[in-house]
Amino acid sequence: MENKLCIRNMLLTDWKQVALIYKQGIDTGNATFQQNVPTMEEWDKSHLGYCRLVACLNEEIIGWAALSKVSDRCVYGGVAEVSVYVSTLHTGKKVGTQLLHTLIKESEANGIWTLQAGIFPENTTSVKLHENSGFRIVGRREKIGKMNSVWRDTLLLERRSGI
């Protein structure tokens, strides 16, 4: 049987596998300020109800992507923050690229005109993934937050829709 990657909408029943991949990202220390995997309910509240994707290889979820709103102000209704996570067993196989490209298309279909990403500068793979997908670095947030008592910077990347 041929292993073919599929990208589909995330289901609530996918949470267990999604949470495991999220934990792998947390464990790197360079994917998020988050220290613990949230509950499904917490995660659900902090992400938009659309543009939630999983990458599947056969029945196994090997990556996920989703959007979060950047503000409650209506003027920012078309601006969202991107999250893309890939299983450590499947890095380097363009899974993140396929997830991000699909997320971009889905976001535009849902009226999102600007995508943002906050990425630790040490996460060079993620920075390259986003730059190769049309994002540009628009700034560096110095000492934006503490992680394990250490101040961390993030790069702010942005992608404007061409639609």
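Here the structure is a predicted model, which is why all the values come from computation and not from measurement. Each chain has its residues counted from 1, running along the sequence as written. Totals for whole chains, interfaces and linings use every residue, but because this is a predicted model, local features are given only for residues with pLDDT of at least 70 and side-chain atom pairs only at 80 or more, for both listing and counting. Side-chain numbers here rest on the full set of heavy atoms in the structure, without hydrogens or water.

Draft legend 1. Quick look at the sheet that holds strand β2 (residues 53-57). Pairing is mixed in the open sheet, where 7 strands are placed in the order β1-β2-β3-β4-β5-β7-β6. If you trace the sheet from one side to the other, it starts and ends with β1 (5-9) and β6 (136-147), each paired once. Between one strand axis and the next, the sheet turns by 25 degrees as a mean value, whatever way the strands run. Any two strands with at least two DSSP-identified bridges between them are counted as paired. A run of DSSP states H or I qualifies as a helix once it reaches four residues; a run of E qualifies as a strand once it reaches two. Both are numbered from the N-terminal end. Pairing between β1 and β2: 5 bridges, direction antiparallel. Bridged to R8 within β2 is V54. Residue contacts are counted whenever heavy atoms from the two residues lie within 4.5 Å of one another. The angle between two axes is taken between their N-to-C directions and runs from 0 to 180 degrees, where each axis is a line fitted to C-alpha atoms and a helix contributes only its stretch in contact. Along the sheet, helix α1 (residues 15-28) contacts β2, β3 (60-69) and β4 (79-86); its crossing angle with β3, the most-contacted strand, is approximately 80 degrees.

Draft legend 2. Examining the environment of V70 more closely. Tracing the sequence through the fold places V70 in the loop between β3 and β4. Sequence spacing of V70 and G145 is 75 residues, and the spatial spacing of their C-alpha atoms is 17 Å. The residues contacting V70, other than those within four sequence positions of it, are Y76, V79, A80, E81 and Q116.

Draft legend 3. Structural view of the packing of aromatic side chains. Any pair of Phe, Tyr and Trp rings, taking the six-membered ring for Trp, is counted once the centres come within 6.5 Å. Such a pair is stacked with planes under 30 degrees apart, edge-to-face with planes over 60 apart, and tilted for the rest. Counted according to the given criterion, the structure contains 6 aromatic pairs. On the numbers, 5.4 Å between centres and 80 degrees between planes, the contact of Y22 with W64 is edge-to-face. Linking Y22 in helix α1 with W64 in strand β3, this pair joins segments that are 42 residues apart in sequence. Only protein chains enter the accessibility calculation, which uses a 1.4 Å probe; a residue whose area is less than 20% of its type maximum is buried, one above 50% is exposed, and one in between is partly exposed. When its relative accessible area of 0% is taken as the criterion, W64 is described as buried. An angle of 70 degrees between the planes, with centres 5.0 Å apart, marks the rings of Y22 and Y85 as edge-to-face.

Draft legend 4. Region of the structure containing unusual backbone geometry. A positive phi is found at N58, a non-glycine position, where the angle reads about 60 degrees. You can see N58 is positioned in the loop between β2 and β3. Phi at S149 is positive, roughly 70 degrees, even though this residue is not glycine. Its place among the elements puts S149 in the loop between β6 and β7 (150-160). Accessibility expressed as a relative area gives 66% for S149, which makes it exposed.

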